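Descriptive structure summary
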Amino acid sequence: MKLKRLFLAGAVFATQAVPLLAQTAGGDGWINLVNGKNFDGWIQRGGQAKYEIVDGMVVGSCVPNTPNSFLCTTRTYGDFILELEFKVDPTLNSGVQIRSHEVGAPYSLTHNGKTIKVGTNRVHGYQVEIDPSSRAWSGGIYDEGRRGWLNDLKNNPAAGKAFKQNDWNKFRIEARGDSLKTWINGVAAADLKDDLTPRGFISLQVHGVGKSEDKRQVAWRNVRLQDLDASKRIALFDGTSLDAWETGDGKPVTKGWVIENGALARLDSGGQIYTKKEYGDFELEFDWKISAGGNSGVKYRVTKYGKEMLGVEYQVLDDDKHPDGQKREGRRKSGALYDILATNVSKRLKPVGEYNHSLIIAKGTKFEHWLNGTKVAEADTTSETWQKEIAASKFARTEGFAQNSKGKIMLQDHGDKVWYKNITIRPL
């Protein structure tokens, strides 16, 4: 596919092929976030701007009468180094979101004595500005949807001059604790200390243009990241070995569950499988896809209750075609705390056959379920809400359910095909 005309002045993006990138880590620790073929690992939020893969690049095109649009990673990141190249229409504002979020309801928070309000379904968080205007603040840090400018470049003319109009530019972004630093084309730009948001998704913004029908675009390529938190995670499945897993009777996994294209796949009857070790407080991350009409789940802090092995379940489901998707008012849909708490309206689910990314945080009596970069459910087992929901659930007669402080991780065999990959755990 040929690239469309980009700039009103008539310039176009060069159409030379850019090497296709895969979402894998190289030997140097860099992870390519864009695979150059499709949007695996990404999901769109906000407005309806058009995103395409063209010659290995991500190209975002403006659409009239839609708000700011964001192509977001399904994973969240805390401390990292991010590098990417971008080229932008001289009349289009854009940016790169880091440590960002979206929630399905308006909320307020207090930070440094000030109240900050966030709107419904508003992508918000730190934005590294792409500013081709005469102001030339590309590389400055703006707090999208919250506080506005945090570190502009009005006192950094060298960074402003480093931006190249009608050409490719390179960002380097470092996030380490409360320190956020940026460079544009090798020139230091922003240097900010701020502790409001320690973790979130990364996204590529196409700014809203009101009613304008001008064909304006922005493109990104060579989007790569070093995850500085990676050393804190333990691989439970790395695509090559089932050594961390066993059957319910403590034997090796030899049937039903197989390694297929780097994924741990339940393709035939094999029963539930469990981690050999128990875990208490942790962050568990995994990618999954389900077959049409399929049902599975990831249970955690699994322990023996009478004759059964039970635990809190992160539901994995084809919401539309499996009957459970229509039961218990959403308490059995993907991302829910199975049969106990439904997901909130922030939930964005990939179609059947595509991988979703999930995160479970278990800390003390509190659980969080995240789906594709957004927290979709949370619970506290000491709360009145939890007690009420348990009493109305299938676990009402299971004495002490979910009150144990540790247990195994379990992948459920519900009779359907399901695939899991990139399963890691970070003990807390």
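The rules we used
- Residues numbered from 1 in each chain as written.
- Predicted model: local features only at pLDDT ≥ 70, side-chain atom pairs only at ≥ 80, totals over all residues.
- Heavy atoms only, no water.
- Helix = DSSP H or I, 4+ residues; strand = E, 2+ residues; numbered from the N terminus.
- Rg over C-alpha atoms; globule rule 2.2 N^0.38 Å.
- Buried < 20%, exposed > 50% of the residue type's maximum accessible area, 1.4 Å probe, protein only.
- Contact = heavy atoms within 4.5 Å.
- Pairing = 2+ DSSP bridges.
- Axes fitted to C-alpha atoms, helices over the stretch in contact; angles between N-to-C directions.
- Core = buried A, V, L, I, M, F, W, Y, C linked by side-chain atoms within 4.5 Å.
- 1 Å grid on protein atoms, 1.4 Å probe; cavity = no way out; pocket = protein on both sides within 12 Å on 5 of 7 lines; lining within 4 Å.
- Points joined across faces, edges and corners; volume = space filled by probe spheres on them.
- Nonpolar A, V, L, I, M, F, W, Y, C, P; charged D, E, K, R; others polar.
- Phe/Tyr/Trp six-rings, centres within 6.5 Å; stacked < 30°, edge-to-face > 60°.

**Regarding the overall build of the protein**
- A count of helices and strands for the protein gives two helices and 30 strands.
- For 428 residues, the compact-globule formula gives about 22 Å, and the C-alpha radius of gyration of the protein, at 23 Å, lands near that figure.
- Counting every position in the protein, which comprises 428 residues, the buried fraction comes to 55%.
- Counted over contacts in the protein with a minimum sequence separation of 6, partners at least 24 positions apart contribute 67%.

**With respect to the sheet that holds strand β19 (residues 245-247)**
- Pairing is antiparallel across the open sheet formed by five strands, whose spatial order is β19-β22-β29-β24-β25. Strand pairing shows two members of the sheet lacking a second neighbour, β19 and β25 (308-317), which therefore form its edges. Between one strand axis and the next, the sheet turns by 30 degrees as a mean value, whatever way the strands run.
- As paired strands, strand β22 (residues 273-275) and strand β29 (residues 408-411) are joined by two bridges and run antiparallel to one another. Looking across to β29, one finds that I273 is bridged to L411.

**A few points about the nonpolar core**
- Formed by 47 residues in total, the largest nonpolar core has its most connected members in L82, V96, F171 and W220.
- If you tally residues by element for this core, the top one is strand β6 (residues 80-88), at five residues.
- L82 has contacts with L33, V96, I98, F171, R172, I173, I202, V223, R224 and L225, leaving out every residue within four places of it along the chain.
- Counting residues in each nonpolar core, the second largest holds 43 residues, with I273, Y279, L411 and I425 among its members.

**Things to note about empty space enclosed by the protein**
- Tallied over the full model, the rule gives one cavity of 30 Å³ or more.
- Looking at the largest cavity, its volume works out to about 40 Å³.
- Around the largest cavity, the lining residues are W245, L284, F286, V298, I409, L411, Y420 and I423.
- Of all the elements in the fold, those that place two or more residues in the lining of the largest cavity are β23 (282-290), β29 and β30 (418-427).
- Of the residues contributing to the lining of the largest cavity, the split by class is eight nonpolar, no polar and no charged.

**Remarks on the packing of aromatic side chains**
- In the structure shown here, the tally under the stated rule is 11 aromatic pairs.
- Here F286 and Y314 contribute two aromatic rings whose centre-to-centre distance is 5.6 Å and whose plane-to-plane angle is 80 degrees, an arrangement assigned as edge-to-face. Taken as a pair, F286 in strand β23 and Y314 in strand β25 lie far apart in primary sequence, 28 residues in all.
- Relative accessible area serves as the criterion here: at 1%, F286 is assigned to the buried category.

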